[in-house]
Amino acid sequence: SFGGGDYAALADGMLERTGRDSLRTLEGVYDGGEDGGEGMRDVVADMIGRRIAAGEEVPPSCLGFGTFHRLVAVVSSRAMVLRGTKHMTPLADMINYSPRHRGGGRKGGRRREAVEPPF
């Protein structure tokens with residue numbers, strides 16, 4: 001998310017208000033909102049609690065708002081709004097996919113670095 005210096009660089013009050021409002025909304029979803037309802041933090045803690053009961057280790061960083069915020073951004077970047085409804089668009093990701101070359105050979109006259117897949 002943006003910080004104060006980032007907003008200053010944008011020099012746009014409307015973008016700053018929109019960004020700050022969006023962050024507050026996301027924090028409400030994570031924390032459960034003003035009505036005291038169940039938030040995503042509670043849902044995730046329950047899911048992770050079941051894993052811990054099964055003897056698995058879960059890093060504490062998985063429970064933080066920062067992780068939730070980052071993952072919401074990743075999912076949102078792969079979605080499109082069509083007629084007011086958000087849809088996941090895996091086909092768009094597949095079309096935009098660029099395979100990573102694993103060998104140290106040449107392709108198209110340029111040497112490509114060996115890169116392991118991200119997962």
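None of these values were measured; they are calculated from a predicted model. (Residues numbered from 1 in each chain as written. Predicted model: local features only at pLDDT ≥ 70, side-chain atom pairs only at ≥ 80, totals over all residues. Heavy atoms only, no water.)

Counting its regular elements, the protein contains five helices and four strands. Listed by position from the N terminus, the elements making up the protein come as α-α-α-α-β-β-α-β-β. The burial tally for the protein puts 8% of its 119 residues in the buried class. Within the protein, residue pairs in contact and separated by at least 24 positions form 19% of the contacts whose partners lie at least 6 positions apart. For the protein, the accessible surface area stands at approximately 9,700 Å², while carbon and sulfur atoms represent 56% of it. (Helix = DSSP H or I, 4+ residues; strand = E, 2+ residues; numbered from the N terminus. Buried < 20%, exposed > 50% of the residue type's maximum accessible area, 1.4 Å probe, protein only. Contact = heavy atoms within 4.5 Å. Areas by Shrake-Rupley, 256 points an atom, 1.4 Å probe, with all protein chains shown as cover.)

Another point: the pattern of salt bridges. The full count for this structure, using the stated rule, is three salt bridges. Between glutamate 16 and arginine 20 there is a salt bridge, and its shortest N-O distance comes to 2.9 Å. Here glutamate 16 pairs with arginine 20, and both are found in helix H2 (residues 13-31), just four residues apart, close to one helical turn. According to the relative accessible area criterion, arginine 20 is partly exposed, its value standing at 34%. Between arginine 41 and aspartate 31 there is a salt bridge; the shortest N-O distance is 2.2 Å. In this pair, arginine 41 is assigned in helix H3 (residues 40-53) and aspartate 31 in helix H2, connecting sequence segments 10 residues apart. Judged by its relative accessible area of 41%, aspartate 31 falls in the partly exposed class. (Salt bridge = Lys/Arg side-chain N within 4 Å of Asp/Glu carboxyl O.)

Considering all chains together, one arrives at three aromatic pairs under this definition. Judged by centre distance (5.5 Å) and plane angle (65°), the ring pair of tyrosine 30 and phenylalanine 65 falls under edge-to-face. Separated by 35 residues along the polypeptide, tyrosine 30 in helix H2 and phenylalanine 65 in helix H4 (residues 65-77) bring together distant segments of the chain. Look at tyrosine 30 and you get buried, because its relative accessible area is 5%. Owing to a relative accessible area of 22%, phenylalanine 65 belongs among the partly exposed residues under this scheme. (Phe/Tyr/Trp six-rings, centres within 6.5 Å; stacked < 30°, edge-to-face > 60°.)

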